[in-house]
Amino acid sequence: MKSTISDVQKKIKVGTHGEDYGSWMSNPVFYVFGGIALVTLVLTALSFTVFRITVLGVVFAAATVILVALLCWMAWIRRQYAFGKGGMMEKVHQTILSSLDFDGHGSLLEVGCGSGALAVRAALTWPEAKITGLDYWGAMYNYSKALCEKNAASEGVGKQCGFVHGDANKLDFPDGSFDAVISNYVYHNIMGADKHALLLESLRVLKKGGVFVLHDNMKPQMYGDMNAFVEKLKSMGFAEVRYVETAEAIFGSKQRAAMMMLGDSAMIVGRK
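Attention here is on the structure that accompanies the text. (Residues numbered from 1 in each chain as written. Predicted model: local features only at pLDDT ≥ 70, side-chain atom pairs only at ≥ 80, totals over all residues. Heavy atoms only, no water.)

## What about the pairing of strand β7 (residues 265–271)?
Burial analysis of β7 places 6 of its 7 residues in the buried class, the great majority of the element. Here 7 bridges tie strand β5 (residues 206–217) to β7, and the two strands are oriented antiparallel to one another. In the strand pairing of β7, valine 213 is matched with valine 269. Relative to β7, strand β6 (residues 239–245) runs antiparallel, the two being bridged by 5 bridges. Within the sheet, the bridge partner assigned to alanine 239 lies in β7 and is arginine 271. (Buried < 20%, exposed > 50% of the residue type's maximum accessible area, 1.4 Å probe, protein only. Helix = DSSP H or I, 4+ residues; strand = E, 2+ residues; numbered from the N terminus. Pairing = 2+ DSSP bridges.)

Structure follows, in structure tokens:
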């Protein structure tokens, strides 16, 4: 039976046991920009006091102001997504899970599980399901298989969840392996990949009759015509397929979503 957003909110509570789900804006990226800002600040001071080159000092001062403004914006985004603070990621997860017409039995795959937050949510929502989280865990993100396992264990679903290293371009699972497939803000980060091919690869491992919700920042310049893609899926035998824009529902407005670089948030939902 399909869960409603209210059902999901009642069933789960994430962020209460000291788990580390990280942030949409990864720590390495944040710290790199912080380090650069500190360097430009030092160079500003040196330009005015030691080198006595006013023009150079003004240039470094301007760069410092821009970098500090960028850091403030990044910090605001991090806070908006943090569990227990801005709560945006909680809304994202609730939207995805409540849109999945899953009866809670069988196996569920999350493509691009990051720190395991959505996989843990799915496990708490459907305690009889077997959850698999897959991720490449690239160096630019402070996530890992060990972190996912720690987070799942801290919520009491460690035995229900399994996490594996993998590539969304070519999933290491046979056709029709899972009863449900979900993904959240993953595909747009995979540089050079055809987005429709990525979606089809995720759907390849879905069983006949299985359900899916694939959510991403589906920019037209990256994804092309998604309505045409929906029609393609229908012609392939997929049922109940819908393309749903989520920016307003999750963030309140497309403008606010755009401030978080997610103005084209949308998902495709359906059944194989």
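Now, onward.
## Details of the sheet that holds β7
Strands belonging to one sheet form pairs held by backbone hydrogen bonds; the direction of such a pair is parallel or antiparallel. Judged by pairing direction, the sheet is mixed, and its 7 strands sit side by side in the order β3-β2-β1-β4-β5-β7-β6 without closing on themselves. Across the chains shown, the open sheet's two edge strands, defined by having one partner strand only, are β3 (161–165) and β6. Adjacent strand axes in the sheet meet at a mean angle of 15°, parallel and antiparallel pairs treated alike. As judged from the 6 bridges shared by strand β4 (residues 178–184) and β5, these two strands associate in the parallel manner. (Axes fitted to C-alpha atoms, helices over the stretch in contact; angles between N-to-C directions.)

## Some points on the pairing of β5
Extensive coverage of β5 is indicated by the burial of 9 of its 12 residues. Where the polypeptide runs from β4 across helix α7 (residues 195–204) and back to β5, its parallel neighbour, the crossover connection is right-handed. (Right-handed = clockwise from strand over helix to strand, strands pointing away.)

## Some points on helix α9 (residues 226–235)
It helps to recall that an α-helix has 3.6 residues per turn; residues three or four apart then point in one direction. The set of residues buried in α9 consists of Met226, Phe229, Val230 and Leu233. All buried residues of α9 lie within an arc of 105° about the axis, which places them on one face of the element. Looking at α9, the residues exposed on the side facing more than 90 degrees away from the buried face are Asn227 and Ser235. Buried residues along α9 sit in contact with α7, β5, α8 (220–223), β6 and β7. For α9, the N-terminal cap is aspartate 225; the gap from its side-chain oxygen to the backbone nitrogen of asparagine 227 is 3.1 Å. (Arc of directions from axis to C-beta. Contact = heavy atoms within 4.5 Å. Polar contact = N/O pair within 3.5 Å; in protein donor to acceptor, adjacent residues only side chain to side chain.)

## Remarks on the pattern of salt bridges
Inspection of the entire model under this criterion finds 7 salt bridges. With a shortest N-O distance of 3.0 Å, arginine 271 and aspartate 101 are connected by a salt bridge. On the criterion of sequence distance, the pair formed by arginine 271 in strand β7 and aspartate 101 in the loop between α4 (88–99) and β1 (107–111) is long-range, its members being 170 residues apart. Note on arginine 271: relative accessible area 23%, which makes it partly exposed. Residue aspartate 101 is classed as partly exposed on the basis of its relative accessible area, which comes to 30%. A salt bridge links glutamate 231 to lysine 234; the nearest nitrogen and oxygen atoms lie 3.6 Å apart. One end of the pair, glutamate 231, and the other, lysine 234, are both in helix α9, 3 residues apart, so they sit about a helical turn from each other. A network of salt bridges, in which partner residues are shared, links Asp101, Glu240 and Arg271. (Salt bridge = Lys/Arg side-chain N within 4 Å of Asp/Glu carboxyl O.)

## Focus: the environment of arginine 271
The sequence separation of arginine 271 and leucine 206 amounts to 65 residues, and the corresponding C-alpha distance is 9.1 Å. Those residues within four positions of arginine 271 in sequence are excluded, and the remaining contacts are Asp101, Gly209, Gly210, Val211, Phe212, Phe238, Ala239 and Glu240. Of the polar contacts made by the side chain of arginine 271, one reaches the side chain of aspartate 101; its length is 3.0 Å.

## Describing α7
Restricting attention to buried positions, one finds in α7 the residues Lys195, Leu198, Leu199, Glu201, Ser202 and Leu203. Between the side-chain oxygen of the N-cap and the backbone nitrogen of histidine 196 there are 3.1 Å, and the N-cap of α7 in question is aspartate 194.

## Observations concerning the environment of glycine 34
On the secondary structure map, glycine 34 appears in helix α2 (residues 27–49). For glycine 34, a relative accessible area of 27% translates into the label partly exposed. Residues glycine 34 and leucine 70 lie 36 residues apart in sequence; the distance between their C-alpha atoms is 9.4 Å.

## Describing the packing of α7 against α9
At a minimum axis separation of 12 Å, α7 and α9 run at an interaxial angle of 35°. In the crossing of α7 with α9, the sense of the turn from one axis to the other is right-handed. On α9, the residues that touch His196, Leu199, Leu200 and Leu203 of α7 are Met226, Phe229, Lys232 and Leu233. Counted by class, the contact of α7 with α9 contains 6 nonpolar, 1 polar and 1 charged residues. (Left-handed = near helix turned anticlockwise from the far one by under 90°. Nonpolar A, V, L, I, M, F, W, Y, C, P; charged D, E, K, R; others polar.)

## Observations regarding the side chain of threonine 132
Summarising the element assignment, threonine 132 is placed in strand β2 (residues 130–135). Residues within four places of threonine 132 in sequence aside, it is in contact with Leu108, Leu109, Glu110, Gly162, Val164, Phe173 and Phe178.

## Re the packing of aromatic side chains
Tallied over the full model, the rule gives 3 aromatic pairs. With a centroid separation of 5.0 Å and an interplanar angle of 90°, the aromatic rings of phenylalanine 173 and phenylalanine 178 are classed as edge-to-face. For phenylalanine 173, a relative accessible area of 19% puts it in the buried group. The interplanar angle of 85° and the centroid separation of 5.9 Å between the aromatic rings of phenylalanine 212 and phenylalanine 238 together place this pair among those described as edge-to-face. Placement of phenylalanine 212 in strand β5 and of phenylalanine 238 in the loop between α9 and β6 is noted, with a sequence separation of 26 residues between them. Accessibility classification places phenylalanine 212 together with phenylalanine 238 in one group, the buried group. (Phe/Tyr/Trp six-rings, centres within 6.5 Å; stacked < 30°, edge-to-face > 60°.)

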